[in-house]
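The chain contents come next:
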Amino acid sequence: MTNAKFAKLFDKVQLNDGITLQNRIVLAPMTHSSSNEDLSVSDAELTYYERRTDKLGLAITAVAHVMPGGIGFQNQFAAFGEENLPGLTQLATSLKKGGAKAVLQIFHAGIQGPRALVPNGDVVGPSAIELQDGSSARELSHEEIESIVLDFGRATELAIRAGFDGVEIHGANGYLIQQFFSGWSNRRTDKWGGDVEQRLTFPLAVVDEVQRAASEHAKTPFIVGYRFSPEEPQEEGLTMDHTFALLNALSAKNLSYLHVSLMEYNSKPRRGGDLERTRLEQIVEASGNVPVIGVGGVHTPDQAVEAIELGAAMVALGRELIVEPDWVEKVEQGQEAEIAVTLTTADQNRLVIPDQLWGMIVGLPGWFPVVEPAAE
């Protein structure tokens, strides 16, 4: 039996499109670099996702790029091309087997695209920005920007045909959409740049195109979510006040939900807003009637409840669902004391973790709580 203090995690959630989720628990989108070499969905990904999505309210995929030049990671599945439809269809089916709504996250990496993976090494962004390797990204032309906007619409149509319940526009983590919104990376003086309101032109154009594609091609209500990062470290970068302007604009778009990207769900702002209150609380207030997904360092059901009490309509689990695929079932059955919060170096097969992701886990000290297995 579910512990009474965790019962609210299992409340149904109605999104702005009228779609109802069976509970508040969300699989956070996490890069796993486990797709096939031809950028199609792999069998390893299908089993990985199926193991982690039973009884969730919402399952959001790792991000998929909407055109070849938008790639951001090695072995990342693509959201373009007829050849990728079969794999995406299998992915949507796997995600939905346990009752979760399946959402395909879509993006363009922009200046974060690895030169070795981007076709012809042509890394692009809103402005010519110096990259970490000492080279520069190329500034996109007006025509190229308009073309990329249309790519988001085509990716949405592909997601609909594949059987996904929705898409999430990835406007966070310093990728292209955020690059256009940021004063650090967008130094344009045409219609795509300028003050805060002008720098919203590209993000809002993408939202409009995705919603247009959904309206035209989806025969039933279709989820359109938007993920964002509230602050940037650079002096010219985003502050909480900029984020409030973004949320004000997005709240007028009747999006299904908003998804804030945080390292810690209860963190407080660095610049802008009320420095004494959590970012999550202030974001919920600024989002109007749009449901918000809170994420960041949630491992225990107590932490999940705390995120809900800060105002989040849903709470996303990322690393924790890798470590404990049965998290939802254990909380539901009152077995929260049995939830794993660490893994051992012998756990790969038991947890159905693809080789590439496993390499990332053991290769990044501190990213995961990895302990040595107990001696026999």
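Everything that follows concerns the structure shown earlier in this document.
From a predicted model like this one, the values you see are computed outputs, not experimental measurements.

Cut-offs and rules
- Residues numbered from 1 in each chain as written.
- Predicted model: local features only at pLDDT ≥ 70, side-chain atom pairs only at ≥ 80, totals over all residues.
- Heavy atoms only, no water.
- Phe/Tyr/Trp six-rings, centres within 6.5 Å; stacked < 30°, edge-to-face > 60°.
- Helix = DSSP H or I, 4+ residues; strand = E, 2+ residues; numbered from the N terminus.
- Lys NZ or Arg CZ within 6 Å of the ring centre and 35° of its normal.
- Buried < 20%, exposed > 50% of the residue type's maximum accessible area, 1.4 Å probe, protein only.
- Pairing = 2+ DSSP bridges.
- Expected span 1.5 Å × (residues − 1).

Some details on the packing of aromatic side chains
Enumeration according to the criterion identifies 6 aromatic pairs in this entry. Residues Tyr 48 and Tyr 49 carry aromatic rings whose centres are separated by 5.2 Å and whose planes lie at 70° to one another, so their mutual orientation is edge-to-face. Taking 6.2 Å as the distance between ring centres and 80° as the angle between the ring planes, the aromatic pair formed by Phe 73 and Tyr 175 counts as edge-to-face. With a gap of 102 residues between them, Phe 73 in the loop between strand S5 (64-65) and helix H2 (85-96) and Tyr 175 in the loop between strand S9 (166-171) and helix H4 (176-181) connect regions that are remote in the sequence. Stacked on the ring of Trp 192, the Lys or Arg Lys 191 has its end atom at 4.6 Å from the ring centre.

A few points about the pairing of strand S6 (residues 101-107)
Judged by how many residues are buried, S6 sits mostly within the fold: 6 of 7 residues are covered. Relative to S6, S5 is paired through 2 bridges, and the arrangement is parallel. Following the sheet pairing, Ala 64 is matched in S6 by Ile 106. In this sheet, S9 lies alongside S6 in parallel orientation, the contact comprising 4 bridges. Within the sheet, the bridge partner assigned to Leu 104 lies in S9 and is Val 167.

Quick word on helix H6 (residues 201-217)
Between its terminal C-alpha atoms H6 stretches 24 Å, which fits the 24 Å expected from 17 residues at 1.5 Å a residue. For H6, the complete set of buried residues consists of Phe 202, Pro 203, Leu 204, Val 206, Val 207, Glu 209, Val 210, Ala 213 and Ala 214.

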